[in-house]
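# Understanding the architecture of this molecule
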Amino acid sequence: MIQGPVLFLILLAGVGFIVLATAKFKLHPFFGLLIAAFGVGIAAGLPLQDVVKAINDGFGGLMSYIGIVIVAGTVIGKILERSGAALRMAEVVLRVVGEKRPQLAMSLIGAIVSIPVFCDSAYVILSSLKKSLAQRAKVPLASMSIALATGLYATHTLVPPTPGPIAAAGNIGASGYLGTIILIGLVVAIPVMAVGYVWAVKVASTIKIEGEEIIGLSYEEVVREFGELPSTLKSFIPIFLPILLIGVGSVVSYLKYTGGMANFLLFLGTPVVALLIGVFAAFPLLPRWNEETLTGWLGDGLKDAAIILLLTGAGGAFGSVIKATAVADVIKGFAAGGNLNGAYILLISFAVAAALKTAQGSSTAALVITSALVAPMLAEAGIVGAVPLALVVMSIGAGAMAVSHVNDSYFWVVTQFSGMKVTDAYKAHTMATLVQGITAIAVTLLLWFVLV
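Residues numbered from 1 in each chain as written. Predicted model: local features only at pLDDT ≥ 70, side-chain atom pairs only at ≥ 80, totals over all residues. Heavy atoms only, no water.

## Observations concerning the packing of aromatic side chains
Counted according to the given criterion, the structure contains eight aromatic pairs. Seen from their ring centres, Phe-236 and Phe-240 are 5.7 Å apart, and the 20 degrees between their planes marks the pair as stacked. Pair noted here: Phe-236 and Phe-240 are both in helix H11 (residues 232–255), with a separation of four residues, about one helical turn. Owing to a relative accessible area of 15%, Phe-236 belongs among the buried residues under this scheme. Residue class for Phe-240 comes out partly exposed when judged on its relative accessible area of 38%. With a centroid separation of 5.5 Å and 55 degrees between ring planes, the pair formed by Phe-411 and Tyr-426 is classed as tilted. Taken together, the positions of Phe-411 in helix H19 (residues 409–418) and Tyr-426 in helix H20 (residues 422–451) put the pair 15 residues apart, joining distant regions of the chain. A relative accessible area of 0% places Phe-411 in the buried class. Ring pairing ties together the aromatic residues Tyr-123, Tyr-153 and Tyr-410, which thus form one cluster. (Phe/Tyr/Trp six-rings, centres within 6.5 Å; stacked < 30°, edge-to-face > 60°. Helix = DSSP H or I, 4+ residues; strand = E, 2+ residues; numbered from the N terminus. Buried < 20%, exposed > 50% of the residue type's maximum accessible area, 1.4 Å probe, protein only.)

Structure representation (structure tokens):
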């Protein structure tokens, strides 16, 4: 089996192939990851049967931990989107924050809605609300657009049950610490959302969108056009109930409580159980219980989850092949020499994820691939336990933010639904995501030195 510097060159070649295949030749990341997994395993000198076993074990092993969790989270997001619950949550935030701070309201709306709903879909859902509120509050449309876009982005790569952070947690062996990851993700997301809000107010507000003075639907008409919205309680429960259950389970586990009630709370706090309860809590949002909703809406959620599952599983296979090579021995040598420490690993994770995100456009792919790459380093660098592993997920999520540009579907959703020119979108949106990513890694490093 190949060892030493040549092995690292093989790994770099594997990552380079993934980037080139997905960014240049537009190959789907699922196939890019699988081809790279076979290529790295064979080039590293693993027996051919061991390569196949590592890929099967990596794919299936990861699915056993987080497969149902990803499905449940995606289905919750689809129900919130179709039922109008996302719009109801937006209304509530507007009432709480007040219309004198419309950009802050849009940022908060985005941060909340994007926890279960993909930011692309959420931006489309809230686009009409954003435009009507901009007219009502008499603020530049570009400012409102970027406030919403950065608010959505703040939680998209940091806070489960968004699939990207869940997949990253599974790859590095932290799927049992989702409660801690949610808590720390929310802490990191607050300053990330804040800098996005400041960027929207200070920078994006200087951009003029052609035609924004044309009167469209009023705020009231936007809400009325959607139809009767579900109640506030029904709208928020599918998001916050699973988070609460996971959080309580984490506290019980941390305090090492025992007994029947403790076991029951641990059961409810298991991510797969908590998210499934969230799905059932979303059922009252369905306007009717018939084939259209119980088959159609839920089926659409399963279709959205399928791509994520395949990508996540392929990332697990790639990571499994890496672990099967002698890379752990090489890393152990570095660690013994004092060349690896926690902060260094966080910076490596950030840099790799940022490079992948910038090159191929998908935040989820960047999270999956990077977590698979850095997983072998963590134990050797002494990074174990809930908080250290949660901060690794944050560092990868921070890199997966930077930057959103023309190869990212979200970039085009923001430009098309806001009416911004591409050059203006680079100034307003792309630069905002860069600032958000840098802020996220800075806060993560600060938490590392404080908590670890």
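Back to the text.
## Notes on the nonpolar core
Counting 146 residues, the largest nonpolar core has Leu-126, Ile-146, Ile-172, Val-188 and Phe-318 as its most contacted members. A total of 13 residues in this core trace back to one element, the largest contributor, which is helix H3 (residues 48–83). When near neighbours in sequence (up to four residues on either side) are disregarded, Phe-318 contacts Ile-18, Leu-33, Ala-36, Ala-37, Val-40, Ile-369 and Leu-373. (Core = buried A, V, L, I, M, F, W, Y, C linked by side-chain atoms within 4.5 Å. Contact = heavy atoms within 4.5 Å.)

## Here's the deal with unusual backbone geometry
The omega torsion of the bond from Ala-402 to Val-403 falls at -5 degrees, within 30 degrees of zero and hence cis. Looking at the secondary structure, you find Val-403 in the loop between helix H18 (386–399) and H19. Non-glycine residue Lys-26 carries a positive phi angle of around 60 degrees. With respect to the secondary-structure elements, Lys-26 resides in the loop between helix H1 (5–23) and helix H2 (29–43).

## With respect to the side chain of Thr-150
With respect to the helices and strands, Thr-150 occurs in helix H7 (residues 141–156). Residues contacting Thr-150, with those up to four places away along its chain left out, are Gly-196, Tyr-197, Ala-432 and Gln-436.

## What to know about the pattern of salt bridges
Here the structure, examined in full by the defined rule, presents six salt bridges. Close ionic contact of Asp-57 with Lys-53 constitutes a salt bridge, the shortest N to O distance being 2.7 Å. One end of the pair, Asp-57, and the other, Lys-53, are both in helix H3, four residues apart, so they sit about a helical turn from each other. Residue Lys-53 is classed as exposed on the basis of its relative accessible area, which comes to 52%. The shortest N-O distance in the salt bridge between Asp-304 and Lys-78 comes to 3.1 Å. Of this pair, Asp-304 sits in helix H14 (residues 291–324) while Lys-78 sits in helix H3; the two residues are 226 residues apart in sequence, bridging distant segments of the chain. Residue classification places Asp-304 among the partly exposed residues on the basis of a relative accessible area of 34%. (Salt bridge = Lys/Arg side-chain N within 4 Å of Asp/Glu carboxyl O.)

## Regarding helix H12 (residues 260–269)
Residues of H12 that are buried: Ala-262, Leu-268 and Gly-269. Seen along its axis, H12 keeps its buried residues to an arc of 125 degrees; they face one direction. Buried residues in H12 make contact with H11 and helix H13 (271–282). (Arc of directions from axis to C-beta.)

## Concerning helix H4 (residues 85–97)
End to end, H4 covers 18 Å across 13 residues, agreeing with the expected 18 Å (1.5 Å per residue, within 8%). Along H4, eleven of the 13 residues are buried, which leaves the element largely enclosed by surrounding structure. For H4, the complete set of buried residues consists of Ala-85, Ala-86, Leu-87, Arg-88, Met-89, Ala-90, Glu-91, Val-92, Val-93, Leu-94 and Val-97. Just past H4, the residue Gly-98 takes up positive phi, approximately 95 degrees. (Expected span 1.5 Å × (residues − 1).)

## As for the packing of H19 against H20
Where H19 contacts H20, the axes come no closer than 10 Å and their chain directions differ by 115 degrees. One finds that H19 runs roughly perpendicular with respect to H20. Considering the relative orientation of H19 and H20, their crossing is right-handed. Along the contact surface, H19 presents Tyr-410, Phe-411, Trp-412, Val-414 and Thr-415, while H20 presents Val-422, Ala-425, Tyr-426, His-429 and Thr-430. (Axes fitted to C-alpha atoms, helices over the stretch in contact; angles between N-to-C directions. Parallel < 35°, antiparallel > 145°, perpendicular 65-115°, else oblique. Left-handed = near helix turned anticlockwise from the far one by under 90°.)

## A few points about a nonpolar patch on the surface
A cluster of nonpolar residues, Phe-38, Ile-42, Leu-48 and Val-52, forms a patch on the protein surface that exposes about 350 Å² of accessible area. Counting residues per element, the ones that place at least two in the nonpolar patch are H2 and H3. You can see Leu-48 is positioned in helix H3. Residue classification places Leu-48 among the exposed positions, given a relative accessible area of 56%. (Patch = residues over 30% accessible without salt bridge, like charges linked within 9 Å, V, L, I, M, F, W, Y side chains within 5 Å. Areas by Shrake-Rupley, 256 points an atom, 1.4 Å probe, with all protein chains shown as cover.)

## Considering the confidence of the model for the protein
Looking at the protein, pLDDT values average 85 and 93% of them are 70 or higher. Model confidence for the protein, summarised as mean pLDDT per element, is weakest for helix H15 (residues 327–336) at 57 and strongest for H18 at 96. (pLDDT = per-residue confidence, 0-100.)

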